[in-house]
Amino acid sequence: MSDTSPATQPRVAVLGAGLAGLSAARTLATRDFDVTVFEARDRVGGRVWSETINTPEHGGVTIERGAEFVLDGYEALRAVAERLGLSLVETGMSYYVRELAETPHIHTSQVAEAGRQATELAQTFEVEPSVSDVLDQLEIDAEIKAGLKARIEISTACEADTVAASTLQHTAAFDPKPSWRVGGGNQQIALGLAAELGERVKLTTPVRGVSFDGDEAVVHSAAGDERFDFVVVALPLSFVNNPELFHFPITRRRRTVLSRIVQGHVAKLHIPLAARPETSAIMSVAGRFWTWTAMDASGEVGAVLNSLVGSPSAVRESEVHDGDGKLYAAIKAIRPDLDLDDDLGRVLTVWDEDPWARGSFSSHAPGWSDADSIEVGSPIGNLYFAGEYVDPEFTCLMEGALRSGMKAADDIAAAALA
Ligand SMILES: Cc1cc2nc3c(=O)[nH]c(=O)nc-3n(C[C@H](O)[C@H](O)[C@H](O)COP(=O)(O)OP(=O)(O)OC[C@H]3O[C@@H](n4cnc5c(N)ncnc54)[C@H](O)[C@@H]3O)c2cc1C
């Protein structure tokens, strides 16, 4: 990839410097397209946001305020990490297996078995059912079912009756497989891609919309109006779905399909610990949150308790919009094994309050079809779409964001040759 692209090459605007936009931009730049990335924030990575938290005894520990777990099948992420010289660190616990705080007599294997049964049952429906449709037909113990439902709602960040049961394949899967993080923080992936792109990435440059003028697309941003041959819209669903935040020449069919993607809601609270804990994963069924401790790049368990509350109602009821008090108290109640100190600084991240995300990640609504997946990933004129909500298989995940960006770039390269 040369530092600058030949002026004769097609000009491509990439809107958004999350993993989707950066992977699209990097793929296009290696093919010598003339790429400009517009990013509203003063940093790259979007919903991948790593920071260092100070702990009294063990110094700085990397926390993930957004995406945390690298899961099974993340081939695109692994390939990018390897190219950038980044290592993946095993967390020493499993994202997929969580003890139930209020019903400890239920073993994690019982919830996992119920999850497998639910996944199988979901395949028997003619039209993609909701998670609730499947759970209603599942004949299992009520407490196990409650644990299963909570697990799915936390992981999808949505209420069970609003999301398709296909989420059980990845986001809410149950096999006790390992999980990883990028050493030094997942945001290293975004920073590495941005470094490769150099001055092509324009930070603090929000885009208001795109319009067509003949064969060209005009990007309306804080820097003014600029013309491009192609545009990759790699903005969060909340923007693509709201003409007041971002306007573009959308078709009626696209609007309908986008309305069948559900926006999840999540908040995370990171609590520094005085002493290194064991690895752990404990979930509150009632509060729809889970807490975990995990290994970091040092090869030891980080001295921090991570937690995530998920689903619109759980985020609302945890009252995190008024601070972390209620959530922190609930976490303390289910983690008597840890010596939580009220005076150590905590880090709260409420994703629906983030002006450039306005939510956490997406899921498909019941009834979602393959035709919907094709529609959502198809261009409109010379506008191409990327983002976690676009990838049909790894929807809502870092892997989906990366894959969707690469696909948008491939589609543009093919269109430019045609
Ligand atoms: C709390 C949380 C936990 C998660 N956990 C996991 C996990 O464990 N594993 C996993 O794989 N995934 C996880 N995810 C999901 C993962 O973060 C996303 O799937 C992925 O990062 C989305 O990338 P993206 O490029 O599609 O969107 P984004 O990262 O949101 O990138 C979009 C970019 O567009 C920018 N932007 C927005 N509006 C404008 C505008 N008007 N003009 C210009 N720029 C704009 C934003 O600032 C942002 O940088 C989690 C997400 C959250 C929030």
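What you see is a predicted model; the values in this text were computed from it and never measured.

Undergrad: How would you sum up the site of the ligand? Please name residues and give values.
TA: Around the ligand, a shell composed of 36 residues is seen, among which E39, R41, R47, F69 and Y74 lie nearest. The backbone of A40 places a nitrogen or oxygen atom 3.1 Å from a nitrogen atom of the ligand. The side chain of R47 places a nitrogen or oxygen atom 2.7 Å from an oxygen atom of the ligand. Within the complex, 98% of the 1000 Å² of free accessible area of the ligand lies under protein. Structurally, the ligand is housed in the largest cavity. Listed by contribution, the elements that provide at least two residues to the shell around the ligand are α1 (19-30), β14 (266-272) and α12 (398-417). Here the residues of the shell around the ligand are counted per class, giving 23 nonpolar, seven polar and six charged.

Undergrad: Got a sec to walk through the sheet that holds strand β11 (residues 224-228)? Specific residues and values, please.
TA: In space, the three strands of this open sheet follow the order β9-β10-β11, with antiparallel pairing throughout. Lying at the two open borders of the sheet, with one neighbouring strand each, are β9 (207-213) and β11. Neighbour-to-neighbour, the strand axes of this sheet turn through a mean angle of 25 degrees, independent of strand direction. For β9 and strand β10 (residues 216-221), the ladder comprises six bridges, and the chain directions are antiparallel. Paired with S211 across the two strands is V218, which belongs to β10.

Undergrad: Which residues make up the packing of aromatic side chains, and what are the values?
TA: Tallied over the full model, the rule gives 13 aromatic pairs. Between Y95 and Y96, the ring centres sit 5.3 Å apart and the planes meet at 85 degrees, which makes this aromatic pair edge-to-face. Pairing F248 with F385 gives two aromatic rings, centres 5.6 Å apart and planes at 50 degrees, and the pair type is tilted. In this pair, F248 is assigned in the loop between α7 (237-240) and α8 (252-258) and F385 in strand β20 (residues 383-385), connecting sequence segments 137 residues apart. Assessed through its relative accessible area of 4%, F385 is described here as buried. A connected cluster of aromatic rings, assembled from ring pairs, spans F69, Y95, Y96, W290 and W292.

Undergrad: Go over the layout of surface pockets with me, naming the residues and quoting the values.
TA: A probe as big as a water molecule, rolled over the atoms, marks out the empty space that is left. Volume-wise, the largest pocket comes out at about 490 Å³. E128, S166, Q169, H364 and P392 are, among the 23 residues lining the largest pocket, the residues nearest its centre. Domain assignment of the residues forming the lining of the largest pocket places at least three in each of domain 1 (11-46 + 187-262 + 364-417) and domain 3 (99-169).

Undergrad: Go over the sheet that holds strand β16 (residues 289-293), please, and point to the residues and values.
TA: As summarised here, the arrangement of the six strands in space is β6-β15-β16-β17-β14-β18, forming an open sheet in which the pairing is mixed. Only two strands of the sheet have a single partner each, and these edge strands are β6 (99-100) and β18 (347-350). Examined bridge by bridge, strand β15 (residues 280-284) and β16 share five bridges and lie antiparallel to one another. What sits directly across from S284, in β16, is F289.

Undergrad: Could you give an account of the domain arrangement of the chain, naming the residues involved and the relevant values?
TA: The domains assigned to the chain are domain 1 (11-46 + 187-262 + 364-417), domain 2 (50-69 + 265-353) and domain 3 (99-169). Computed over C-alpha atoms only, the centres of domain 2 and domain 3 are separated by 24 Å. Carbon and sulfur atoms supply 61% of the area buried between domain 2 and domain 3, which totals about 1200 Å² over both sides. Of all residues in domain 2, M283, V285 and R288 bury the most surface against domain 3, accounting for 48% of the area lost on that side.

Undergrad: An account of empty space enclosed by the protein is needed here, citing residue identities and associated values.
TA: Scanning the entire structure with this criterion turns up three cavities of 30 Å³ or more. Along the wall of the largest cavity there are 47 residues; nearest its centre are R47, V48, A67, S360 and F361. For the lining of the largest cavity, the secondary-structure elements that each account for two or more residues are α1, α5 (142-156), β14, β16 and α12. Here the lining of the largest cavity is built from residues that sort into 30 nonpolar, nine polar and eight charged. Residue assignment places the lining of the largest cavity across two domains, with domain 1 (11-46 + 187-262 + 364-417) and domain 2 (50-69 + 265-353) each supplying three or more. Put simply, the second largest cavity is a space of about 80 Å³. Lining the second largest cavity are Y96, V97, R98, L100, T108, V111, A112, R151, F174 and M283. Here the lining of the second largest cavity takes three residues from helix α3 (residues 108-123), the largest share from any one element. Across the lining of the second largest cavity, the residue classes tally to seven nonpolar, one polar and two charged.

Undergrad: A description of α5 should follow, citing residues and the corresponding values.
TA: Helix length check: α5, at 15 residues, gives a terminal C-alpha distance of 21 Å against a target of 21 Å (1.5 Å per residue), a fit within 8%. Along α5, the residues classified as buried are I144, G147, L148, A150, R151, I152, E153, I154, S155 and T156. Regarding α5, its N-cap is D141, as a side-chain oxygen of that residue lies 2.9 Å from the backbone nitrogen of E143 further along. A positive backbone phi angle near 65 degrees is found at A157, which sits one or two residues after α5.

Conventions we followed
- Residues numbered from 1 in each chain as written.
- Predicted model: local features only at pLDDT ≥ 70, side-chain atom pairs only at ≥ 80, totals over all residues.
- Heavy atoms only, no water.
- Near = heavy atom within 4 Å.
- Polar contact = N/O pair within 3.5 Å; in protein donor to acceptor, adjacent residues only side chain to side chain.
- Areas by Shrake-Rupley, 256 points an atom, 1.4 Å probe, with all protein chains shown as cover.
- 1 Å grid on protein atoms, 1.4 Å probe; cavity = no way out; pocket = protein on both sides within 12 Å on 5 of 7 lines; lining within 4 Å.
- Sits in = over half its atoms within 2 Å of the grid points.
- Helix = DSSP H or I, 4+ residues; strand = E, 2+ residues; numbered from the N terminus.
- Nonpolar A, V, L, I, M, F, W, Y, C, P; charged D, E, K, R; others polar.
- Pairing = 2+ DSSP bridges.
- Axes fitted to C-alpha atoms, helices over the stretch in contact; angles between N-to-C directions.
- Phe/Tyr/Trp six-rings, centres within 6.5 Å; stacked < 30°, edge-to-face > 60°.
- Buried < 20%, exposed > 50% of the residue type's maximum accessible area, 1.4 Å probe, protein only.
- Points joined across faces, edges and corners; volume = space filled by probe spheres on them.
- Domains from an automatic or database assignment.
- Buried area = accessible area lost by both parts, 1.4 Å probe.
- Expected span 1.5 Å × (residues − 1).

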